[in-house]
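# Descriptive analysis of the structure
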Amino acid sequence: MIPAPGADPLVRELPTVADTEEFGEAVGRELAAGDVVLLAGPLGAGKTALVRGLARGLGVTGTVASPTFVIAREHPPAGDGPALVHVDAYRLGGPDGGVDVAAELDDLDLDTELDRAVVAVEWGIGVAERLTGSAVAIELERRDDDTRVATLRRTARP
């Protein structure tokens, strides 16, 4: 399901929240420790719902909720799989946007988690690519009829 770097993106229409979670679950089953998932889309586009699905696909424990006020939450594996570190970069950068968001992400030491976890970063496209040489980027769009459209691609640094 996850395209190779440089391949055409995968585009899926997701009419319901359940569809968004199921899509995330399918993606989560393909992820391994060291993978970084970058999520983008406006408020209400379904980023956290997609991460709930990722968590099911990975088989981690704990309730997935938006980490907006705590910045990052870790969900340990239920078995032998990787943990899930769920990060919300929305509040990073300060009120005037004058702070280097990527540097703040570096301060969270997420790269130390990569050997044992999948890291999913909401609002991560354009700021969290430095965490890895290759990421799974998922952009969510919310249409007027509440259908979400997910565009999934694998990115790679040159």
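Above this note sits the structure.
Residues numbered from 1 in each chain as written. Predicted model: local features only at pLDDT ≥ 70, side-chain atom pairs only at ≥ 80, totals over all residues. Heavy atoms only, no water.

Secondary structure assignment for the protein yields three helices and seven strands. Overall, the protein shows an N-to-C arrangement of helices and strands of β-α-β-α-β-β-α-β-β-β. Within the protein, buried positions represent 47% of all 158 residues. Partitioning the intrachain contacts of the protein with sequence separation of at least 6 by distance along the chain shows that 62% fall at a separation of at least 24. Total accessible area on the protein stands at roughly 7,500 Å², and carbon and sulfur atoms take up 49% of it. (Helix = DSSP H or I, 4+ residues; strand = E, 2+ residues; numbered from the N terminus. Buried < 20%, exposed > 50% of the residue type's maximum accessible area, 1.4 Å probe, protein only. Contact = heavy atoms within 4.5 Å. Areas by Shrake-Rupley, 256 points an atom, 1.4 Å probe, with all protein chains shown as cover.)

Time to look at the pattern of salt bridges. Scanning the entire structure with this criterion turns up nine salt bridges. In this structure, the salt-bridge partner of arginine 52 is glutamate 21, at a minimum N-O distance of 2.8 Å. Of this pair, arginine 52 sits in helix 2 (residues 47–58) while glutamate 21 sits in helix 1 (residues 17–28), and the two are 31 residues apart along the sequence. Note on arginine 52: relative accessible area 29%, which makes it partly exposed. As a salt-bridge pair, arginine 153 and glutamate 139 come within 3.0 Å of each other at their nearest N and O atoms. (Salt bridge = Lys/Arg side-chain N within 4 Å of Asp/Glu carboxyl O.)

Below, the discussion takes up helix 1. For helix 1, spanning 12 residues, the distance from its first C-alpha to its last is 16 Å, which sits close to the expected 16 Å at 1.5 Å a residue. Turning to helix 1, its buried residues are Thr20, Glu21, Phe23, Gly24, Ala26, Val27 and Gly28. On its buried face, helix 1 sits against strand 1 (10–14), helix 2, strand 6 (134–142) and strand 7 (148–156). (Expected span 1.5 Å × (residues − 1).)

Attention now goes to the environment of valine 136. Tracing the sequence through the fold places valine 136 in strand 6. Classification of valine 136 as buried rests on a relative accessible area of 0%. Separated by 134 residues in sequence, valine 136 and isoleucine 2 place their C-alpha atoms 7.7 Å apart.

It is worth stressing that arrangement in space is one thing and function is another; only the former is reported here.
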